Amino acid sequence: MNKDSAGWLALRIIGLLALGRAFLSMLSMAVDILNLWKLYGVAFEAFTSQTQRLILQTWIGIGVALVQSIFFVLVAFYFLRRGRAIHKLLMHESA
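Before going into details, it helps to say that this report is about the structure given with it. (Residues numbered from 1 in each chain as written. Predicted model: local features only at pLDDT ≥ 70, side-chain atom pairs only at ≥ 80, totals over all residues. Heavy atoms only, no water.)

### Points about helix 1 (residues 3-40)
Right, so step 1: In this model, helix 1 (38 residues) spans 55 Å end to end at C-alpha, consistent with the 56 Å of a helix rising 1.5 Å per residue.
Right, so step 2: What helix 1 keeps buried is the set Gly7, Leu11, Gly15, Ala18, Ala22, Ser25, Met29, Asp32, Leu36 and Leu39.
Right, so step 3: Those residues of helix 1 that are buried are in contact with helix 2 (49-81) and helix 3 (84-91). (Helix = DSSP H or I, 4+ residues; strand = E, 2+ residues; numbered from the N terminus. Expected span 1.5 Å × (residues − 1). Buried < 20%, exposed > 50% of the residue type's maximum accessible area, 1.4 Å probe, protein only. Contact = heavy atoms within 4.5 Å.)

### Thoughts on the nonpolar core
Right, so step 1: By size, the foremost hydrophobic cluster in this structure holds 6 residues: Met29, Leu36, Leu39, Ile55, Ile62 and Ala65.
Right, so step 2: Of all the secondary structure elements, the ones that give two or more residues to this core are helix 1 and helix 2. (Core = buried A, V, L, I, M, F, W, Y, C linked by side-chain atoms within 4.5 Å.)

### Structural notes on the environment of Leu66
Right, so step 1: With respect to the helices and strands, the residue Leu66 is situated in helix 2.
Right, so step 2: Put simply, Leu66 and Thr51 are 15 residues apart on the chain and 23 Å apart in space, counted from C-alpha to C-alpha.

### A few points about the packing of helix 1 against helix 2
Right, so step 1: At a minimum axis distance of 7 Å, the contact between helix 1 and helix 2 shows a crossing angle of 160°. Between helix 1 and helix 2, the interaxial angle falls into the category roughly antiparallel. Seen from above, helix 1 lies across helix 2 with left-handed handedness.
Right, so step 2: When its residues are assigned to classes, the contact of helix 1 with helix 2 shows 24 nonpolar, 9 polar and 3 charged. (Axes fitted to C-alpha atoms, helices over the stretch in contact; angles between N-to-C directions. Parallel < 35°, antiparallel > 145°, perpendicular 65-115°, else oblique. Left-handed = near helix turned anticlockwise from the far one by under 90°. Nonpolar A, V, L, I, M, F, W, Y, C, P; charged D, E, K, R; others polar.)

### Considerations on the packing of helix 1 against helix 3
Right, so step 1: Where helix 1 meets helix 3, the closest approach of the two axes is 10 Å, and the angle between their N-to-C directions is 135°. Classified by the interaxial angle, the pair formed by helix 1 and helix 3 is oblique. Helix 1 and helix 3 meet at a crossing whose hand is right-handed. Taken together, the residues of helix 3 that come into contact with helix 1 (itself represented by Lys3, Asp4, Gly7, Trp8 and Leu11) are Arg84, Ile86, His87, Leu90 and Met91.
Right, so step 2: Here the residues of the contact of helix 1 with helix 3 are counted per class, giving 5 nonpolar, 2 polar and 3 charged.

This is the structure we're talking about:
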């Protein structure tokens, strides 16, 4: 295996790791959505400040998981399909 193919292999591995991280973020978002559904299932008269705080925290968690998912999907796409600029940096040899 030469340096060029080893560089592409490293990029593909990083892409697969980013894709796995994106799926974990999506799973976290799904869990937060289920928690939110349960929190809204509480009777409206019984809403306390603590329940409202938990609902807000859950919405924030959903937003963070969504942003992470999008970011890692884009990173995975770049490393799996393109990656030329990073590969060029890896292959650069100083004189």
